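This is what each chain is made of:
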Amino acid sequence: LYPTDIRTNIERLRGLVDEMELILFESADASNIPTADDVARFAALAAPSGLVFNVHLPLDIDIASEDPRVRAASLDIVARLVERTAPLAPKSYTLHVLSPGGTALEPAKSAPARDAHARWRDRVRKALSRLPGPRDRFCIETLQWDLREIDDILLSLGFSVCIDIGHLLLRGYSLGEFFSHFGSRVILVHL
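Residues numbered from 1 in each chain as written. Predicted model: local features only at pLDDT ≥ 70, side-chain atom pairs only at ≥ 80, totals over all residues. Heavy atoms only, no water.

Account for the nonpolar core, with residues named and values stated.
Ranked by size, the top nonpolar core spans 50 residues in total, and within it L57, L95, L128 and I150 carry the most contacts. Looking at this core element by element, the count peaks at five residues for helix α3 (residues 68–85). With residues up to four places along the chain from it excluded, the contact list for L95 reads L57, I61, I63, V78, L128, L131, C139, I140 and E141. (Core = buried A, V, L, I, M, F, W, Y, C linked by side-chain atoms within 4.5 Å. Buried < 20%, exposed > 50% of the residue type's maximum accessible area, 1.4 Å probe, protein only. Helix = DSSP H or I, 4+ residues; strand = E, 2+ residues; numbered from the N terminus. Contact = heavy atoms within 4.5 Å.)

Spelled out as C-alpha cells, the structure:
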C-alpha cells in the first residue's frame, strides 16, 4: 500500500488491517526477499495487533518450465521462501503456474499442440507434488489462462485457489463460473 519497504508497511498497517500480503520478488536488478532477521522483526511487529500474513511467491519462477534447470531452481526458491517465512505462520502461499508458452500475465500466443500440452500438464503435476506441505496452504492463482485446465491436478493434490479478479476480467472469463467451479477451495481473492 505504501511505496516503501515491507517493515514500514507493517508498522503503518498493523491495527488497520487483519491480513497483509507479502509480495516477494527477486531479479538480477532488485530483491525484497527478507532475511531471517527481517522475518523475526516482521513477526514481532505484527504480533501485538494480531496481523497475519499471506506470502505471494515471486512472479518469475516457472515450476513447469520445459527446462529442467529452471524447474529445479523454481522449486528451490519456493522451498527456501516457505522455510524463510515459516516464523510468520503465513495463512497461505500464492503461486503462479505459467501457461505453456506464456508468462504470468500473457497466455501463449496459440494453443500448444496436444502432446506438448500433455507434457506441460505432467510437468505441472510433478512440480506441484514436490512442494512442501501442507498443500492446501498453497493457492494457485488464476492468471490469464483458464486454471480449470489443471483443476483435476489441483483437486487430486489438495491445492487451494486464489482468484484474481483482474486477470479473469482481462480475458473475459465469467467470475461467477470461476467462483462456482472452485467453491470452498478459494482461500484468497486478489482485486
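Picking up after the structure, the text goes on.
Lay out the sheet that holds strand β6 (residues 186–190) in plain terms, naming residues and giving numbers.
The parallel open sheet is built from six strands, whose spatial order is β1-β2-β3-β4-β5-β6. Every interior strand has two partners, whereas the edge strands, β1 (19–23) and β6, have only one. Neighbouring strand axes in the sheet, compared pairwise and without regard to direction, differ in orientation by 25° on average. Where α3 meets the sheet, its contacts fall on β2 (52–56), β3 (93–95) and β4 (138–141), and the angle it forms with β3 comes to roughly 160°. (Pairing = 2+ DSSP bridges. Axes fitted to C-alpha atoms, helices over the stretch in contact; angles between N-to-C directions.)

Help me get a handle on the packing of aromatic side chains, residues and values and all.
As enumerated under the stated definition, the model contains five aromatic pairs in all. Where W120 meets W145, the ring centres are 5.3 Å apart and the plane angle is 80°; that geometry is what we call edge-to-face. One end of the pair, W120, is in helix α4 (residues 114–129); the other, W145, is in the loop between β4 and α5 (151–157), with 25 residues separating them in the sequence. Across the pair, W145 and W120 agree in class, each one buried. Seen in terms of ring centroids, F138 and F159 are 6.2 Å apart; in terms of plane orientation they differ by 65°. Their pairing is edge-to-face. Of this pair, F138 sits in strand β4 while F159 sits in the loop between α5 and β5 (160–164), placing them 21 residues apart in sequence. Across this residue pair, the class does not change: F138 and F159 are buried. (Phe/Tyr/Trp six-rings, centres within 6.5 Å; stacked < 30°, edge-to-face > 60°.)

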